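# Structural overview
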Amino acid sequence: MEVIVKENYEEMSKFAAQLIAEVVRKKPRAVLGLATGSTPIGTYKELIRMHKEEGLDFSQIVTFNLDEYVGLPPDHPQSYRYFMNEHLFNHINIRMENTHIPNGMAKDLKAECEKYEQMIKEAGGIDIQLLGIGANGHIAFNEPGSSLSSRTRIKTLTEKTRQDNARFFDNEINKVPKYAITMGIGTILEARKLILLASGENKADAIARAVEGPITAQCPASVIQFHRNVVVIMDKAAASKLKGNYPDTPAELRL
Ligand code: GLP
C-alpha cells in the first residue's frame, strides 16, 4: 500500500488525475471505476482540463460507478447519475452508453444488482477504481459491518451517513434516501488498482483506522490493506491522525 500525503486538496486531486490519465493513455479501452461525493470533484476537474487542453481521449473508455441512491431518478440533482454527468461526463468525449451507474429506480433491485456485477465482468473487470471514504470508514455505501466479501447489493444507510449527506438535501435528513445500491467490498477488491482519496480533518479518524488500524468490517475501508496495488492519496488535514511519516511522492518517482 502506497500512502501519499499532499500539501492540500488541489495537489491531491492533480496527482489522482495523473494516475487515472496514465491508465487512459496506456489502455484506450480501459474500464474506470468512478466515485461520487465532494472529494473526487477536483480530480474530475483536472481530467476535464487534461481532455480540453491536452487531448486526453475518453472515446473508448468504459466506466462503472460505485453506487446510487434507491428511489432517485437520473434527473434528480442529487442522484449520482446527475452528479457524474455534471461533474465529468458532459465535459469529456466519453460515450454516454459506455457509462454505467446502478439504476436506483429499477423495479427489481436485486436483479439490477446481479446485472451490474455481470456487466462489470463482461467489460473485462475494472482497471482502476477511485474511492472516497466516509467519516465512519465506509467505502462506496458499504457501511460498517458490511461483509468483506460482499457483492453489489442494496444497503441501508446508517444515520451517520445520512446526516453527513444531508448537506446535499437542504440539510434535511428526512430527504436523504434510506437505501442505496452499492458495489460490494468483494467487487471493489477485484479492481486491478485502487486509489483512495481523503481530504479534510473530518476524515482523519477514518483514514487512521483504514491505513494503520486492524482490518475489520467495522471500518470497511481498512480492507484496502488486502489489495496488492493501492495508492492512498490525502491532504495534510486528512493525514493529521496518522502515526507514520509518509512521503508526498510515490517510490517509483523518487528513484
Ligand atoms: C458518500 C459516497 C461515498 C463517498 C463518501 C464520502 O456517501 N457513497 O462513495 O466516498 O460518502 O463523501 P465525501 O467525499 O463527500 O466526503
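A brief report on the enclosed structure follows. Along each chain, the written sequence defines residue order, and numbers are assigned to residues from 1. Side-chain atom pairs in this predicted model are given and counted only at pLDDT of 80 or more, local residue features only at pLDDT of at least 70, and totals for whole chains, interfaces and linings cover all residues. Processing note: side-chain calculations cover all non-hydrogen atoms of the structure and skip hydrogens and water entirely.

### Structural notes on the side chain of S13
- Mapping S13 onto the fold places it in helix α1 (residues 9-26).
- Whether two residues are in contact is decided by their heavy atoms: any pair within 4.5 Å suffices. Every residue in contact with S13, bar those within four places of it in the chain, is listed here: G42 and T43. Only DSSP runs of H or I with at least four residues qualify as helices, and only runs of E with at least two residues qualify as strands; both kinds are numbered from the N terminus onward.

### Observations regarding the pattern of salt bridges
- Any Lys or Arg side-chain nitrogen found within 4 Å of a carboxyl oxygen on Asp or Glu counts as a salt bridge. Tallied over the full model, the rule gives 17 salt bridges.
- Here R151 makes a salt bridge to E190, at a shortest N to O gap of 2.9 Å. Taken together, the residues R151 in the loop between β6 (128-131) and β7 (153-156) and E190 in the loop between α6 (185-189) and β9 (194-198) connect sequence positions 39 residues apart.
- Residues joined by salt bridges that share partners form a network here, namely R25, E46, R49, E53 and E54.

### Things to note about the site of the ligand
- Any residue with a non-hydrogen atom lying within 4 Å of a molecule or strand is treated as near it. Around the ligand, 13 residues are found, and the nearest of them are S38, T39, D67, R167 and K203.
- Here a polar contact means two N or O atoms within 3.5 Å. Within protein one must be a hydrogen donor candidate and the other an acceptor candidate, and residues neighboring in sequence count only if both atoms are side-chain atoms. At 2.8 Å from an oxygen atom of the ligand is found a main-chain nitrogen or oxygen belonging to S38.
- Within the side chain of D67, one N or O atom sits 2.9 Å away from a nitrogen atom of the ligand.
- Each accessible area value is a Shrake-Rupley result obtained with a 1.4 Å probe; residue values ignore everything except the protein chains displayed when judging cover. The protein chains hide 94% of the 390 Å² of surface that the ligand would expose on its own.
- Using protein atoms alone on a 1 Å grid, points that fit a 1.4 Å probe yet trap it form a cavity, whereas open point sets bounded by protein on both sides within 12 Å along at least five of seven lines form a pocket; residues with an atom within 4 Å of a point count as lining. Each molecule is checked against the cavity or pocket grid, and it sits inside if more than half of its atoms lie within 2 Å of the grid points. Under a 2 Å grid-point criterion requiring more than half of the atoms, the pocket assigned to the ligand is the largest pocket.
- Three categories are distinguished: nonpolar for Ala, Val, Leu, Ile, Met, Phe, Trp, Tyr, Cys and Pro, charged for Asp, Glu, Lys and Arg, and polar for the others, with Gly belonging to the last. Classifying every residue of the shell around the ligand by side-chain character gives four nonpolar, six polar and three charged.

### With respect to unusual backbone geometry
- Although it is not a glycine, A140 adopts a positive phi angle of roughly 50 degrees.
- Its location among the elements puts A140 in the loop between β6 and β7.
- Look at D170: it is not a glycine, yet its phi comes out positive at around 55 degrees.
- Mapped onto the elements of the fold, D170 is located in the loop between α5 (159-165) and β8 (179-182).
- Residue exposure (1.4 Å probe, protein chains only): buried if accessible area is under 20% of the type maximum, exposed if over 50%, otherwise partly exposed. You can call D170 exposed: its relative accessible area is 56%.

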